[in-house]
Amino acid sequence: MVVGLFGGYLIQRARAEAKVAAPARTAEALRESRIRDFASLPDGACVVMLGDSLTAGGPWSELLGMVIANRGVGGDTAANVLERLDRSVPPTSRQAFLMVGINDLTGVESVESIALTIDEIVTRLAPREVVLQSVVLTDRAELNEKVEALNRINRARCEKGGCRYLDVNAVLAEGGRIAPALTVDGVHLQGEAYARWARLVASAIEAGPCNP
């Protein structure tokens, strides 16, 4: 009887674990599909936007009136972006606008470790000009402490050379958190937020030919 009950428990647990694993496998499959799709897109973009779902959600070409390679992938961490650089960044791009880190900061990895991975991404993107954008503040005070710590490290890194720092929070945040009217859930952005962000990006785009 006990064996039967225990066997039933194992079956139920296995089914529960399968239900959890299935969405995770689906999300990973969708992520890989999006990255594979990058290879089928035409070359020619001088500017690439690189990051996670915040970047992915922006209609950059329409907002900026030019061809922009949107290489945002939902759920990506800094390590994910580093791993897919060769599959994501068009060889023609002369400028890369990078924003990544919010997904890392919700985990257990230290701010310093995340910053080191971002530093490696910046280094790997050379000889392009890298515009390292601030991680956008959220509506969560505890998370924002980590966001601000990472942004301070990133800003200091760019001040030493090798990248230009762009403070996106200057146009999206007020009082140390994302402006409520600009977010859907305290993290992801509304349309007006992208319009403001795009105007800031436009001011940092340099004229010139794409890489050959």
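**Observations concerning the pattern of salt bridges**
Line of reasoning, step 1. For the structure shown, the criterion picks out 15 salt bridges.
Line of reasoning, step 2. Across the salt bridge formed by Glu83 and Arg31, the nearest N and O atoms sit 4.0 Å from each other. Within this pair, whereas Glu83 is found in helix H4 (residues 78–83), its partner Arg31 is found in helix H1 (residues 2–40), the two being separated by 52 residues in sequence.
Line of reasoning, step 3. For the salt bridge of Asp86 with Arg124, the shortest nitrogen-to-oxygen distance reads 3.5 Å. You can see Asp86 sitting in helix H5 (residues 85–88) and its partner Arg124 sitting in helix H7 (residues 111–125), a full 38 residues away along the chain.
Line of reasoning, step 4. Classification of Arg124 by relative accessible area gives partly exposed; the value is 39%.
Line of reasoning, step 5. Three or more residues are tied together by salt bridges with common partners; here these are Glu28, Arg31, Glu32, Asp76, Glu83, Arg84 and Arg87.

**Digging into helix H8 (residues 141–159)**
Line of reasoning, step 1. For H8, which comprises 19 residues, the first-to-last C-alpha distance of 27 Å matches the rise-based estimate of 27 Å (1.5 Å per residue) to within 8%.
Line of reasoning, step 2. The complete set of buried residues in H8 reads Leu143, Asn144, Val147, Ala149, Leu150, Asn151, Asn154, Arg157 and Cys158.
Line of reasoning, step 3. Where the residues of H8 are buried, they touch helix H6 (102–105), H7, strand S4 (129–133), strand S5 (164–166), helix H9 (169–172) and strand S7 (177–178).
Line of reasoning, step 4. Directly after H8, the chain includes Gly161, whose backbone phi takes a positive value near 115 degrees.

**Side note on the pairing of strand S3 (residues 95–99)**
Line of reasoning, step 1. Here S3 lies mainly inside the structure; five of its five residues are buried.
Line of reasoning, step 2. Side chains Gln95, Phe97 and Met99 project from S3 onto one buried face, and the interleaved Ala96 and Leu98 project onto a second face that is buried too.
Line of reasoning, step 3. Judged from the five bridges that link them, strand S1 (residues 47–51) and S3 form a sheet pairing that is parallel. What sits directly across from Val47, in S3, is Gln95.
Line of reasoning, step 4. Where S3 lies against S4, four bridges are found, and the strand directions are parallel. Its bridge partner being in S4, Phe97 is matched across the sheet by Val131.

**Here we look at the layout of surface pockets**
Line of reasoning, step 1. By volume, the largest pocket is sized at about 250 Å³.
Line of reasoning, step 2. What lines the largest pocket is a set of 18 residues, and nearest its centre among them are Phe38, Leu41, Pro42, Arg71 and Pro90.
Line of reasoning, step 3. Counting residues per element, the ones that place at least two in the lining of the largest pocket are H1, strand S2 (68–72) and H5.
Line of reasoning, step 4. Here the lining of the largest pocket gets four residues from one element, more than from any other, and that element is S2.

**Focus on the side chain of Asp104**
Line of reasoning, step 1. Note on placement: Asp104 falls in helix H6.
Line of reasoning, step 2. It turns out Asp104 is buried and unbridged, and the closest side chain with the opposite charge, Arg84, is 11 Å from it.
Line of reasoning, step 3. Among the polar contacts listed, one links the side chain of Asp104 to the backbone nitrogen of Ala78, at a separation of 3.1 Å.

The rules behind these values
Residues numbered from 1 in each chain as written. Predicted model: local features only at pLDDT ≥ 70, side-chain atom pairs only at ≥ 80, totals over all residues. Heavy atoms only, no water. Salt bridge = Lys/Arg side-chain N within 4 Å of Asp/Glu carboxyl O. Helix = DSSP H or I, 4+ residues; strand = E, 2+ residues; numbered from the N terminus. Buried < 20%, exposed > 50% of the residue type's maximum accessible area, 1.4 Å probe, protein only. Expected span 1.5 Å × (residues − 1). Contact = heavy atoms within 4.5 Å. Pairing = 2+ DSSP bridges. 1 Å grid on protein atoms, 1.4 Å probe; cavity = no way out; pocket = protein on both sides within 12 Å on 5 of 7 lines; lining within 4 Å. Points joined across faces, edges and corners; volume = space filled by probe spheres on them. Lys, Arg positive; Asp, Glu negative; His and termini not counted. Polar contact = N/O pair within 3.5 Å; in protein donor to acceptor, adjacent residues only side chain to side chain.

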